[in-house]
Amino acid sequence: RSYIIFSVGYYIQLLVYIFIETRRKDFYEMFLHHVITLALIGNAWFFDQWKMGCVILFLHDLSDPFLEVAKIFNYLKATRSWADPMSTICFVIFMAVFGITRLVMFPPFVLYPVKTSIPDFVYSFYMLSTLQVL
């Protein structure tokens, strides 16, 4: 349950931070993303599905560090010539981890068990399917 609580705090911080930082082109998309994420985490907690919520959060969070490091190297490209290939390498790793966790691991380890082991909670299957599309 601690991972869920830390994630709620993290996404609330991100939601507040987008109003403080310089407004970017994807402001509305990121705002909607953080609100939907908090709603899904809240639903997992409210419907006592926090274990599955932890698995989903973990699978979705695995690729994030590689994207953040790629962004850092991308910002350094103007002053450091070695940062350009490092940015590309980190982004390729990000894309590989993103694809594996969300397209290969998510359906058999999350969607299928929810569909088969929780038949009474059908709404969760549609909610998780929607999450995969997002």
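Predicted, not measured: the structure shown is a model, and the values here were computed from it.

Conventions we followed
- Residues numbered from 1 in each chain as written.
- Predicted model: local features only at pLDDT ≥ 70, side-chain atom pairs only at ≥ 80, totals over all residues.
- Heavy atoms only, no water.
- Phe/Tyr/Trp six-rings, centres within 6.5 Å; stacked < 30°, edge-to-face > 60°.
- Helix = DSSP H or I, 4+ residues; strand = E, 2+ residues; numbered from the N terminus.
- Buried < 20%, exposed > 50% of the residue type's maximum accessible area, 1.4 Å probe, protein only.

Participant: Can you walk me through the packing of aromatic side chains in this structure?
Facilitator: Centre-to-centre distance and the angle between the planes together describe a pair of aromatic rings. Counted according to the given criterion, the structure contains eight aromatic pairs. An angle of 75° between the planes, with centres 5.7 Å apart, marks the rings of F19 and F31 as edge-to-face. Of this pair, F19 sits in helix α1 (residues 2–20) while F31 sits in helix α2 (residues 27–46), and the two are twelve residues apart along the sequence. Note on F19: relative accessible area 48%, which makes it partly exposed. Taken together, a centroid distance of 5.9 Å and an interplanar angle of 75° make the contact between F73 and W82 edge-to-face. Exposure remark for F73: the relative accessible area of 15% places this residue in the buried category.

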